Amino acid sequence: MNRQEFTEFTRDRFRFLDGATGTNLMKAGMPPGVCPEAWILEHPDVLLDLQRAYAAAGSDIVYAPTFTGNRIKLREYDLENGIERINRGLVALSREAVGDKGVLVAGDLTMTGRQVEPVGDLPFDELIDVYRQQITILADAGVDLLVVETMMSLQETRAALIAAGEVAPDLAVMATLTFDADGRTMFGTDAATGAVVLEALGAAAVGANCSTGPDGMAPIISAMARATKVPIIAKPNAGFPVTDAEGNTVYDMKPEEFAAQMRALTDAGATILGACCGSTPDFIRALKESYGDAAPTEVVRRQPGEHVLTSERRTLTYMIGDPFMVVGERINPTGKKKLQAELKEGNLDLVCQYAGEQEEAGASMLDINVGMPGVDECALMRRVLTEVTALTDLPLCLDSTDQKTMEEALKLYPGRALINSVSLEKGKAERFLPLAKKYGAMVILLPVGENGIPNTYEEKIDNINRLVDLALAAGFVKEDLVIDGLVATVGADPQAAVSVLDTVSYCREHELATICGLSNVSFGLPQRGYVNTAFLTMAIDHGLTMAIANPSQELLMNAAFASDLLKNKEESGARYIERMQRYEGGTAPGLGQGGTASSGGQTASAGSAPAAKVLTPGELVHRDVMQGNRRNIRQDTLDALAAGETPEGILNDRLMAAINEVGELFNAGKYFLPQLIGSAEAMKIAISELEPLLKESGGGRPELPAIVVATVHGDVHDIGKNLVVLMLKNVGFTVYDLGKDVPSEEIVQAAIDNQAAIIGLSALMTTTMQEMRVVVQLARERCPEVKIMIGGAVVTEDFAREIGADAYTKDAAEAVSTAKRLLGIEV
């Protein structure tokens, strides 16, 4: 079933998925710690009975139990070489179960358990190949479609969709993310952003699964529906896990209650319905009975005229006529000798500085260009993207004339990018438009023809129309396109500005967004800031959507805000006042109170921002931790020591102060998992330089007690656990990391052998969280003095109390304070 067939299959009606597999397999006797795929093949009747029951209950689509059938997961059980046999066998079982009932079989994929770069050590290309391998097998085995589910990382979901597009382009792909209580994934992606990116990559349906019960999923489903046009999937858990009288983990909702609460999700826009952990065929039957004959609720979807770009954690939506936007131009070596020199040396300090300064100055997105002689542009682009995406949530405009570099950038970028640019010269449109389509990007169309810059306005308009026709034929819509006004200098062509203004007007009349490289207009002229600013205000009046410019030019930016105000654009008054309040007394640089150019003149003409404060080496160490700057923190730490700061002072006043601030930002929802990991890793580097000096001086950190940490038996997830270990080590605890899938006896024995004060336990699955109870009971018998703290995606404070644990910690940032509190150490 291809995407178009899937669209028809789901049009104007509800469709029903299956329910839980894992919790039902556990009920049927599957023990913790085994490979589920292998166990199913050894006990085929269990799956056949379950999926026959789902088909009979009303499922239109059942998921083949290939969930963790990728080579990385199978390697944990020494079954990697059996990947084809396992996946084929499982698809065959699902096909046998549904028979000729008209039920579709979806090949099921999920996360690998390894973190992708830069958060982890798994190269993105390797991750794509992992999914490519499994999808090839599933497609050849005869699945009707694919589903990528229970994804906590947008980047990993992108890898699966990219792989599917390469090896199984004729199979529709459904994609569902799983969200924390704050409405974001573990890696910080909000629902709308995730949905936009996945739809742009070709997902036939997007949505959410697992995460929560129906009542907690409505805001997520609503945000996804509002941001997209494809069908929305809702597959929540059967409420929340609780413990029954026999000590088993069960879920607190009955089928009828579940179906009733799903009304909130159908009202929010979900039309593909299923159930996740804790559910049974009775839940699907209740859904079918409640909604099988109902018409889907009409909700507001993504509107015509809405243009949407994203980073991994932020969405930028705009329409023609909305407030003007600036694309920060400074990360481009053209004409910047200092930046060129640093890039050739492999030094990205200035790149990172420009990224932060441009965001602070009000840029809506950042242009990234690293093309120049003497560098490997593709490799350098990879490095720059890694650094910049860790520093800013602004969407990026990827700027390169090299096809290899552009594809690498589009592949790695964890959002929906804007390509700068596509023209008619040298077959560029034929090469770059397919790349943009493959990776779900928007495109700037540059009206340069086969013979170069157009000589007349009419030729420029003809080039625009030809480019738009090519883009529409390639599958884009007008909302995916931005037209470059092609600015030339008025010093050489007195009609250059007029031509651009006419072009902007033409595009606005034809509902096309516009952009231009603003400063080109004044090239070769004195006092260029005045020319640029006057041109900008005229262009905004004609309808210019955005410009590539330096947002640190205060005169330019303030004129743009004032132009929006005078044009009475939405919220322009509040935006203008908020910006002017940055200046004491409402006086902007270069302007007196009367609104005339001040006598100094330099700021008004150059439009430059005040010089940045020069930080001391110690302050740089603090900033390195805040920004997760692993490149420079070692040298900055050495420089701080050379400048006279003591090891103790750097540790306490710089590193600890910074990591505590990072934890506060994380808890406030302003930092997310990648930033937390980056900061902790940076701090670890600095501590490695300080520790020998601290020991020599006798002024080292107070020796904190030992902690044993493990993911419980049967659970092979360790992302959160690894971060807890890193955070605890950074503040001075001696940590014994036992790894994942650790038997309860081994955990308790390690605590005894190492005289641990605390046992830390992690579980990500409801099917394994009961192992925590086993550890607690065993520890109370053999080492009752040891404190126990637990955490993990499915774990709650109520569950911690229920099993007798001493504390619940919701995340790695909180783990440090929780451990100190348990031991009576001042936090």
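Because the structure is predicted, anything quoted here is derived from the model rather than measured.

Draft legend 1. Quick peek at helix H27 (residues 647-667). Taking 1.5 Å per residue as the helical rise, H27 with its 21 residues ought to reach 30 Å, and the 28 Å between its terminal C-alpha atoms agrees with that figure. At Met-656, H27 is deflected by roughly 30 degrees, the largest bend along its length. For H27, the secondary structure elements touched by its buried residues are helix H25 (617-627), helix H26 (633-642), helix H28 (673-697), helix H29 (719-730) and helix H33 (812-822). Positive phi shows up at Gly-669, right after H27, with a value of about 75 degrees.

Draft legend 2. Expanded view of the sheet that holds strand E15 (residues 396-399). In space, the 8 strands of this closed barrel follow the order E13-E14-E15-E16-E17-E18-E19-E20, with parallel pairing throughout. Looking at each pair of strands side by side, their axes are set apart by 30 degrees on average, direction ignored. Relative to strand E17 (residues 442-445), strand E16 (residues 418-422) is paired through 4 bridges, and the arrangement is parallel. The residue bridging Val-422 from the neighbouring strand is Leu-445, located in E17. Those strands touched by helix H18 (residues 428-438) are E16 and E17, and its axis lies near 170 degrees from that of E16.

Draft legend 3. Molecular detail of the packing of helix H14 (residues 337-345) against helix H15 (residues 349-361). Across the interface, H14 lies against H15 with an axial gap of 8 Å and an inter-helix angle of 130 degrees. Relative to H15, the element H14 is oriented oblique. Listed contacts from H15 to Lys-338, Leu-339, Glu-342 and Leu-343 of H14 are Asp-349, Leu-350, Val-351 and Tyr-354. Partitioned by chemical class, the residues of the contact of H14 with H15 number 5 nonpolar, no polar and 3 charged.

Draft legend 4. Representation of the sheet that holds strand E6 (residues 205-210) within the structure. If you walk across this open sheet you meet the 8 strands as E1-E10-E7-E6-E5-E4-E3-E2, and the pairing is parallel. Looking at the sheet topology across the chains shown, the edges are occupied by strand E1 (15-16) and strand E2 (61-63). Where E2 and strand E3 (residues 104-109) come together, 3 bridges link them in parallel fashion. Each bridged residue has a counterpart across the sheet, and for Ile-61 the counterpart in E3 is Leu-104. With respect to the sheet, helix H10 (residues 214-227) is in contact with strand E5 (173-177), E6, strand E7 (232-236) and strand E10 (270-273), its orientation differing from that of E7 by roughly 165 degrees.

Draft legend 5. Local environment of the packing of aromatic side chains. Counted according to the given criterion, the structure contains 3 aromatic pairs. Pairing Phe-6 with Phe-9 gives two aromatic rings, centres 6.5 Å apart and planes at 45 degrees, and the pair type is tilted. Taken together, the positions of Phe-6 and Phe-9, both in helix H1 (residues 3-10) and 3 residues apart, correspond to about one turn of that helix. Neither Phe-6 nor Phe-9 differs from the other in exposure class; each is buried. Taking the ring centre of Phe-9 as reference, the NZ or CZ of Arg-15 above it sits at 3.7 Å. The ring of Phe-432 carries Lys-428 above its face, with NZ or CZ at 5.3 Å from the centroid.

Draft legend 6. Structural context of the nonpolar core. If you look at the biggest cluster of nonpolar residues, it comprises 180 residues, and the most contacted ones within it are Leu-655 and Leu-728. Among the elements that take part in this core, H28 stands out by supplying 11 residues, more than any other. Excluding its chain neighbours within four sequence positions, the residues that come into contact with Leu-655 are Val-621, Val-625, Ile-633, Ile-650, Met-683, Ala-686, Ile-687 and Leu-690. Residues Val-742, Met-772, Leu-778 and Val-794 belong to the second largest nonpolar core, which totals 28 residues.

Draft legend 7. Structural view of the side chain of Thr-150. Counting through the fold element by element, Thr-150 comes out in strand E4 (residues 145-151). Since its relative accessible area comes to 18%, Thr-150 is described here as buried. A distance of 3.3 Å separates the side chain of Thr-150 from the side chain of Glu-149, its partner in a polar contact. Discounting chain neighbours no more than four positions away, the residues touching Thr-150 are Phe-67, Thr-110, Met-111, Thr-176, Thr-178, Asn-209 and Cys-210.

Draft legend 8. Structural context of unusual backbone geometry. Cis geometry is found at the peptide bond from Glu-117 to Pro-118, where omega equals 5 degrees. With an omega of 5 degrees, the peptide bond between Asn-420 and Ser-421 qualifies as cis. Looking at where Ser-421 falls in the secondary structure, it is placed in strand E16. One non-glycine residue, Asp-78, lies in the positive phi region at around 60 degrees. Along the chain, Asp-78 falls in the loop between helix H5 (71-75) and helix H6 (83-98).

Draft legend 9. Region of the structure containing the pattern of salt bridges. Using the criterion set out here, one finds 43 salt bridges in the structure. In this structure, Arg-302 and Glu-199 form a salt bridge, with 3.8 Å as the shortest nitrogen-oxygen distance. Taken as a pair, Arg-302 in the loop between helix H13 (281-291) and strand E11 (307-310) and Glu-199 in helix H9 (residues 191-200) lie far apart in primary sequence, 103 residues in all. With respect to burial, Arg-302 and Glu-199 carry one shared label: buried. Between Glu-745 and Arg-782 there is a salt bridge, with the nearest N and O atoms lying 2.4 Å from each other. Within this pair, whereas Glu-745 is found in helix H30 (residues 744-753), its partner Arg-782 is found in helix H31 (residues 770-782), the two being separated by 37 residues in sequence. Beyond isolated ion pairs, a larger network of salt bridges with shared partners links Arg-71, Asp-129, Arg-132, Glu-166, Glu-407 and Lys-438.

Draft legend 10. Structural view of the pairing of strand E20 (residues 546-549). Judged by which residues are buried, E20 turns out to be covered on both faces: Met-546 and Ile-548 on one side and Ala-547 and Ala-549 on the other are all buried. The sheet contact formed by strand E13 (residues 325-328) and E20 spans 4 bridges and is parallel. What sits directly across from Gly-328, in E20, is Ala-549. In the sheet, strand E19 (residues 513-517) pairs with E20 via 3 bridges, with the strands oriented parallel. In the sheet register, Gly-517 faces E20, and the bridge partner there is Ile-548. Crossover connection from E19 via helix H21 (residues 528-542) to parallel E20: handedness right-handed.

Draft legend 11. Up close: the environment of Asp-639. Positionally, Asp-639 belongs in helix H26. Note on Asp-639: relative accessible area 31%, which makes it partly exposed. As for Asp-639 and Pro-617, which are separated by 22 residues in sequence, their C-alpha atoms are 5.8 Å apart.

Draft legend 12. Broad picture of helix H16 (residues 377-391). Along its 15 residues, H16 runs 21 Å from first to last C-alpha, staying within 8% of the 21 Å computed at 1.5 Å per residue. Listed as buried for H16 are Glu-377, Cys-378, Leu-380, Met-381, Val-384, Leu-385, Glu-387 and Val-388. On its buried face, H16 sits against H14, H15, strand E14 (365-368), E15 and helix H17 (403-412).

Draft legend 13. Molecular detail of the pairing of E7. Buried residues dominate E7, accounting for 5 of its 5 residues. A two-sided burial pattern is seen for E7, the buried positions comprising Ile-232, Ala-234 and Pro-236 on one face and Ile-233 and Lys-235 on the other. Two elements, E6 and E7, share 5 bridges in a ladder whose sense is parallel. Residue pairing across strands places Cys-210 opposite Pro-236, the latter belonging to E7. The parallel pair E6 and E7, bridged by H10, forms a crossover whose chirality is right-handed. By the bridge criterion, 3 bridges tie E7 to E10 in an arrangement that is parallel. Within the sheet, the bridge partner assigned to Ile-232 lies in E10 and is Ala-270.

Criteria and cut-off values
- Residues numbered from 1 in each chain as written.
- Predicted model: local features only at pLDDT ≥ 70, side-chain atom pairs only at ≥ 80, totals over all residues.
- Heavy atoms only, no water.
- Helix = DSSP H or I, 4+ residues; strand = E, 2+ residues; numbered from the N terminus.
- Expected span 1.5 Å × (residues − 1).
- Bend = angle between axes of the 7 residues up to and from the residue.
- Contact = heavy atoms within 4.5 Å.
- Pairing = 2+ DSSP bridges.
- Axes fitted to C-alpha atoms, helices over the stretch in contact; angles between N-to-C directions.
- Parallel < 35°, antiparallel > 145°, perpendicular 65-115°, else oblique.
- Nonpolar A, V, L, I, M, F, W, Y, C, P; charged D, E, K, R; others polar.
- Phe/Tyr/Trp six-rings, centres within 6.5 Å; stacked < 30°, edge-to-face > 60°.
- Buried < 20%, exposed > 50% of the residue type's maximum accessible area, 1.4 Å probe, protein only.
- Lys NZ or Arg CZ within 6 Å of the ring centre and 35° of its normal.
- Core = buried A, V, L, I, M, F, W, Y, C linked by side-chain atoms within 4.5 Å.
- Polar contact = N/O pair within 3.5 Å; in protein donor to acceptor, adjacent residues only side chain to side chain.
- Salt bridge = Lys/Arg side-chain N within 4 Å of Asp/Glu carboxyl O.
- Right-handed = clockwise from strand over helix to strand, strands pointing away.

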